Amino acid sequence: DTAVSQTPKYLVTQMGNDKSIKCEQNLGHDTMYWYKQDSKKFLKIMFSYNNKELIINETVPNRFSPKSPDKAHLNLHINSLELGDSAVYFCASSQGQANTGELFFGEGSRLTVL
Amino acid sequence: GENVEQHPSTLSVQEGDSAVIKCTYSDSASNYFPWYKQELGKRPQLIIDIRSNVGEKKDQRIAVTLNKTAKHFSLHITETQPEDSAVYFCAASMGTGGSYIPTFGRGTSLIVHP
C-alpha cells in the first residue's frame, strides 16, 4: 500500500547506456515530479506533470525524457548515460487541487554510472 | 525563477539544546513554505509548513516563523534529541496552474550529540 513507489531502487550501468525509472502513485494526486539529488544532497526539480501535461521542464539535457501515460504514472527515460548522471532520483506527487502543497516522495532510485 | 538560500549547511548541537535553521527566498510571490526532513538513506518527508498569511506555526517541539517583508523564514527545534539528526530542507513555492512546485534550499545537516 505504498503511496509513491518507484523502481528500480538501485541501478548500476555503464556510460552510454539507456535506462528507465518508473514511478507510480496511488494517492489520486494530480501532479507528479522528478527531482535529482546529487552527492551534496541538493534536491533539484527536473520535471513536473499535472494531469499528464508537462508544466515544468527545468534546464535538463534532452537525454532525459519523462513520460506520463496517465496521471498515476510518471516514468523517466535517460539516453546515453554520463558519469554526471549518477545521483538519487526521487519521484514525488502532490494534490494540486487541494493545494495542501505537501510533496509525497518515493523511496528514491540510486543511479550509478560507471 | 525562485532562489532559496539556506544556512547553516551543517549544525551540530548537544542533546537538549535548541537548533535554528534559516532560509531566505527571492520571489515575493511565493506563498507556501514547507520544511522537509530527510533521514540517512530515506526519502524527504514534510515536518511542518507555513503559508504567507501566517507569521508563526508550532507543532510540539518544532516551530516555523515567516517574515514576508524580509523574505525569510526559519525552523526552530527545541529540546533536540538524537533522532532529530537528519538533513533538513526548506522550500518556497507559489501556486502555478493549481499546483505548488517547491524550490528547495541546499539543506542543513543537523547532528544532535547525545
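Before any of the text, the structure's been laid out above.
Rules used in this analysis
- Counting from 1, residues in each chain are numbered in the order their sequence is written.
- Whichever chain is written first becomes A and whichever ligand is written first becomes 1, with later ones labelled in order.
- Selection of residues for local features in this predicted model requires a pLDDT of at least 70, selection of side-chain atom pairs for listing and counting requires 80 or more, and totals for whole chains, interfaces and linings are taken over all residues.
- Side-chain numbers come from the whole structure's heavy atoms, not from hydrogens or water.
- Working rule for contacts: check all heavy atoms of both residues, and any pair within 4.5 Å makes them a contact.
- For any pair of parts, buried area is found by adding up, for both, the accessible area (1.4 Å probe) each one loses once the two are put together.
- For this analysis, a salt bridge means a side-chain nitrogen from Lys or Arg found within 4 Å of a carboxyl oxygen belonging to Asp or Glu.
- Under this definition, polar contacts are N or O atom pairs within 3.5 Å; protein pairs additionally need one hydrogen-donor-capable and one acceptor-capable atom, and for neighbouring residues in sequence, both atoms have to be side-chain atoms.
- Put simply, DSSP marks the helices as runs of H or I at least four residues long and the strands as runs of E at least two long, and each gets a number from the N terminus on.
- We call Phe, Tyr and Trp rings a pair once their centres come within 6.5 Å, taking the six-membered ring for Trp, and we label the pair stacked below 30 degrees between planes, edge-to-face above 60, and tilted otherwise.
- Whether a charge sits over a ring depends on NZ of Lys or CZ of Arg being within 6 Å of the ring centre and within 35 degrees of the ring normal.
- For every residue, the accessible area obtained with a 1.4 Å probe (protein chains only) is divided by the maximum for its type, and the residue is called buried under 20%, exposed over 50%, and partly exposed between those limits.
- Counted charges follow a simple rule, with Lys and Arg positive, Asp and Glu negative, and His plus the chain ends left uncounted.
- Pairing between strands is defined by DSSP: at least two bridges between the two strands are required.
- The definition used for a disulfide is geometric: two cysteine sulfur atoms within 2.5 Å.

### Concerning the interface of chain B and chain A
Argument step 1. Taken together, the contact between chain B and chain A spans 18 residues of the former and 26 residues of the latter.
Argument step 2. Where chain B abuts chain A, roughly 1,900 Å² becomes buried across the two surfaces, and 55% of that area is made up of carbon and sulfur atoms.
Argument step 3. Across the contact surface, chain B and chain A share one salt bridge.
Argument step 4. In this structure, the salt-bridge partner of Glu107(A) is Arg43(B), at a minimum N-O distance of 3.4 Å.
Argument step 5. At the boundary of chain B and chain A, one finds five residue pairs in polar contact (both at pLDDT 80 or more).
Argument step 6. The set of elements that each furnish at least two residues to the side of chain B that touches chain A consists of strand E4 (32–38), strand E5 (45–51) and strand E11 (99–100) of chain B.

### Quick word on the packing of aromatic side chains
Argument step 1. The full count for this structure, using the stated rule, is 13 aromatic pairs over all chains.
Argument step 2. The rings of Tyr33(A), Tyr35(A), Phe90(A), Phe105(A), Tyr36(B), Phe89(B) and Phe104(B) are connected pair by pair, giving a single aromatic cluster.
Argument step 3. Between the NZ or CZ atom of Arg106(B) and the centre of the ring of Phe42(A), over which it lies, the distance is 4.2 Å.

### Here we look at the side chain of Glu2(B)
All names here are of chain B.
Argument step 1. Topologically, Glu2 is positioned in the segment before strand E1 (4–7).
Argument step 2. Despite its burial, Glu2 pairs with no opposite charge; the closest candidate is Lys71, at 7.5 Å N-O.
Argument step 3. Within polar-contact distance, the side chain of Glu2 engages the backbone nitrogen of Asp27 at 3.0 Å.
Argument step 4. What Glu2 contacts, discounting residues up to four positions off in sequence, is Tyr25, Ser26, Asp27, Ser30, Ala92 and Thr103.

### Some thoughts on unusual backbone geometry
Argument step 1. Omega for the bond connecting Thr7(A) with Pro8(A) falls within 30 degrees of zero, at -5°, which places this linkage in the cis form.
Argument step 2. Position of Pro8(A) among the secondary structure elements: in the loop between strand E1 (4–7) and strand E2 (10–13).
Argument step 3. A cis amide bond links His7(B) with the next residue in sequence, Pro8(B), at an omega value of -5°.
Argument step 4. Positive phi, normally seen in glycine, also occurs at Gln60(B), with a value near 55°.
Argument step 5. Looking at the element boundaries, Gln60(B) is found in the loop between strand E6 (56–59) and strand E7 (62–67).

### What to know about the pairing of strand E3 (residues 19–25) of chain A
Residue and element names in this part refer to chain A.
Argument step 1. Summarising the sheet, E1 and E3 pair through four bridges and their orientation is antiparallel. Note that in E3 the partner of Ser5 across the bridge is Glu24.
Argument step 2. Where E3 meets strand E8 (residues 73–78), four bridges bridge the pair, whose relative direction is antiparallel. Bridging across to E8, Ser20 finds its partner in His77.

### Some thoughts on the state of the cysteines
Residues and elements named next belong to chain A.
Argument step 1. This structure, assessed with the given rule, holds two disulfides over all chains.
Argument step 2. Between Cys23 and Cys91 runs a disulfide, and the two sulfur atoms are separated by 1.8 Å. What sets the handedness of the Cys23 and Cys91 disulfide is the S-S torsion sign, and at about -75° it is left-handed. Taken as a pair, Cys23 in strand E3 and Cys91 in strand E9 (residues 87–94) lie far apart in primary sequence, 68 residues in all.
Argument step 3. The exposure class of Cys91 is buried, given its relative accessible area of 0%.

### Focus: the environment of Ala91(B)
All names here are of chain B.
Argument step 1. Its location among the elements puts Ala91 in strand E9 (residues 86–92).
Argument step 2. A C-alpha to C-alpha distance of 9.6 Å links Ala91 and Gly107, two positions 16 residues apart in sequence.
Argument step 3. Once residues lying within four places of it in the same chain are set aside, the contact partners of Ala91 are Tyr32, Phe33, Pro34, Phe73, Pro102, Thr103 and Phe104.

### Digging into the environment of Pro66(A)
Residues and elements named next belong to chain A.
Argument step 1. Its place among the elements puts Pro66 in strand E7 (residues 64–70).
Argument step 2. The spatial distance from the C-alpha of Pro66 to the C-alpha of Gln37 is 17 Å, given a sequence separation of 29 residues.
Argument step 3. Setting aside its immediate chain neighbours within four residues, Pro66 contacts Phe47, Tyr49, Leu74, Asn75 and Leu76.

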